[in-house]
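Descriptive structure summary
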Amino acid sequence: MDKIKTTKHNKQSYWIITYGCQMNKSDSERIASFLQSQNFKKAKNKKTADLIIINACSVRQSAVDRVYGQINQIKKNEKKQKIYLTGCLTEKDKQALQPKVDLIFNIKELSTICGGEKIDTYFKIPPLPNNSVSVFIPISTGCDNFCSYCVVPYTRGREYHRPAEEILKEVEMFIKRGFKEIILLGQNVNSYHYKNIDFTDLLQLIENIPGNFWITFLTNHPKDLSEKLIDYVAESKKVCPYFHLPVQSGDNKILKLMNRHYTVKKYIKKVKKLRKKIKDVCISTDIIVGIPTETTSQFKNTAKLMKKLKFDMAYIAQYSPRPQTALSKVKDDIPKKEKQKREQELIKILEKTALENNKKYLGKTKVALITKYEKGYLFGHLKNQKQIKISSKKDLTGEMVKVKITQANPYSLKGELIYDKK
Ligand code: SF4
């Protein structure tokens, strides 16, 4: 296998292209850290890099298509560049992409890509966040749920839960370095367990670490979201009142076909509980339209549910069959045009409900964590993850500031600084 090597005196440069979810973004932070430990330096841009790493996503066909497009584009560059490919890839995609790239590697074998030794877990490689405010900390990887449309259990494998002490050590390190937000990641954080520590216990252990910081997490699986967790977040000082709770469909038959293990009624009950117990809670969701056999009336049930639950955010996707999954054996019978129509209908509902929710913030004073300063504006989010933009002469990145909300848009807020510092 043709592996790139670099030395202290002849540093090669790298560029990482990341597709997909936060877990992939988090993995890319470990890839960057590992490459720098091997004397690579970050290139100025993609064109000048000696090595390009593509961290792929194959949750939807469109994401896979983007990987092919990216590779073809890189190959047109005058500079001869090495291309390494990793991420969520099905066996079929790996076989098809193998001849086009220099190396395909499993993220679990990250330590070996430049001729290094194999280590027991790639989580031992510390991440290199691309900012100094928020850091992704994976608590688990893989998934045991086998939702019938999802490729993750095949690409990432079965669930692996990191030892609690390893997670705590990593969190402590970033808090000491001044990070203000810990984003815990897992395909299903609610199923986390290590020895006798469950997810809520883990949150408590992290919260006990001294310092002024917020803790947030994703993704939750509605079937595993416990009362214990809801009660804990309701009382917590550091855990953010934000739940990403993918519903996927508002129709019981479709939920069964998706192998989701909850009913619409049970889902509604959990959302109501979250809203009742947790002040200012913000709830986002994932929805797939055009699952095989989804009738118009079944789709209407999803639209009805969206109107009823008034999500703050929803990530709506058109179904595309993924190799190896149970649903890939069922005919993809909903025409593309119909899927697009259904997606647009849900986006319209979301825009309306998200705006209604955001309008409730007008005139209120909240704390925002500033993550970026650009062209006279601070960008950040409230504790419940609502995005906010604030005009400011000063760069307050990394600060928690008090803001008065002055404008509400469907997906963001605008505000004015009240004090420079909390
Ligand atoms: S819970 Fe379902 S949708 Fe989420 S990663 Fe696991 S199999 Fe995929």
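As shown above, the structure is provided for reference.
Residues numbered from 1 in each chain as written. Predicted model: local features only at pLDDT ≥ 70, side-chain atom pairs only at ≥ 80, totals over all residues. Heavy atoms only, no water.

1. Overview of the packing of helix H9 (residues 264-277) against helix H10 (residues 296-309)
Two elements in contact, H9 and H10, have axes separated by 12 Å at closest approach and are oriented at 15 degrees. With respect to their mutual orientation, H9 and H10 come out roughly parallel. Where H9 crosses over H10, the handedness of that crossing is right-handed. Counted together, Val-264, Tyr-267, Ile-268, Val-271 and Arg-275 of H9 and Leu-305, Lys-308 and Leu-309 of H10 form the full contact between these two elements. Grouping the amino acids of the contact of H9 with H10 by side-chain chemistry returns six nonpolar, no polar and two charged. (Axes fitted to C-alpha atoms, helices over the stretch in contact; angles between N-to-C directions. Helix = DSSP H or I, 4+ residues; strand = E, 2+ residues; numbered from the N terminus. Parallel < 35°, antiparallel > 145°, perpendicular 65-115°, else oblique. Left-handed = near helix turned anticlockwise from the far one by under 90°. Contact = heavy atoms within 4.5 Å. Nonpolar A, V, L, I, M, F, W, Y, C, P; charged D, E, K, R; others polar.)

2. Focus on the sheet that holds strand E9 (residues 181-185)
The strand order E6-E9-E12 describes an open sheet built from three strands, whose pairing is parallel. A strand with exactly one partner marks an edge of an open sheet, and here the two such strands are strand E6 (134-138) and strand E12 (214-218). In this sheet, adjacent strand axes meet at a mean angle of 25 degrees when their direction is disregarded. As defined by bridge partners, E6 adjoins E9 across five bridges and the pair is classed as parallel. Opposite Phe-136, over in E9, you have Ile-183 as the bridge partner. The strands that helix H5 (residues 164-176) touches are E6 and E9; relative to E6, the one it contacts most, it runs at about 170 degrees. (Pairing = 2+ DSSP bridges.)

3. Things to note about a positive patch on the surface
A contiguous patch of positive charge on the surface is contributed by Arg-275, Lys-279, Lys-310, Lys-360 and Lys-364. By secondary structure assignment, the location of Lys-310 is in the loop between H10 and strand E15 (313-318). (Patch = residues over 30% accessible without salt bridge, like charges linked within 9 Å, V, L, I, M, F, W, Y side chains within 5 Å. Areas by Shrake-Rupley, 256 points an atom, 1.4 Å probe, with all protein chains shown as cover. Salt bridge = Lys/Arg side-chain N within 4 Å of Asp/Glu carboxyl O. Lys, Arg positive; Asp, Glu negative; His and termini not counted. Charge placed at Lys NZ, Arg CZ, Asp CG, Glu CD.)

4. A few points about the packing of aromatic side chains
Within the structure shown, the criterion is met by eight aromatic pairs. Measuring from centroid to centroid gives 5.1 Å for Phe-174 and Phe-179, while their planes differ by 85 degrees, and the two rings are edge-to-face. No difference in accessibility class separates Phe-174 from Phe-179, as the two residues are buried. Taking 6.1 Å as the distance between ring centres and 35 degrees as the angle between the ring planes, the aromatic pair formed by Tyr-262 and Tyr-267 counts as tilted. Within the aromatic cluster, the residues linked to one another by ring pairs are Tyr-122, Phe-123 and Tyr-160. Against the face of Phe-379 rests Lys-372, its NZ or CZ located 5.3 Å from the ring centre. The ring of Tyr-377 has Lys-389 sitting right over it, with the charged end atom 4.3 Å from the ring centre. (Phe/Tyr/Trp six-rings, centres within 6.5 Å; stacked < 30°, edge-to-face > 60°. Buried < 20%, exposed > 50% of the residue type's maximum accessible area, 1.4 Å probe, protein only. Lys NZ or Arg CZ within 6 Å of the ring centre and 35° of its normal.)

5. A few points about the side chain of Glu-343
With respect to the secondary-structure elements, Glu-343 resides in helix H11 (residues 336-359). In this structure Glu-343 is buried but unpaired, with Lys-336 as the nearest side chain of opposite charge at 6.7 Å. Residues contacting Glu-343, with those up to four places away along its chain left out, are Val-289, Ile-316 and Gln-318.

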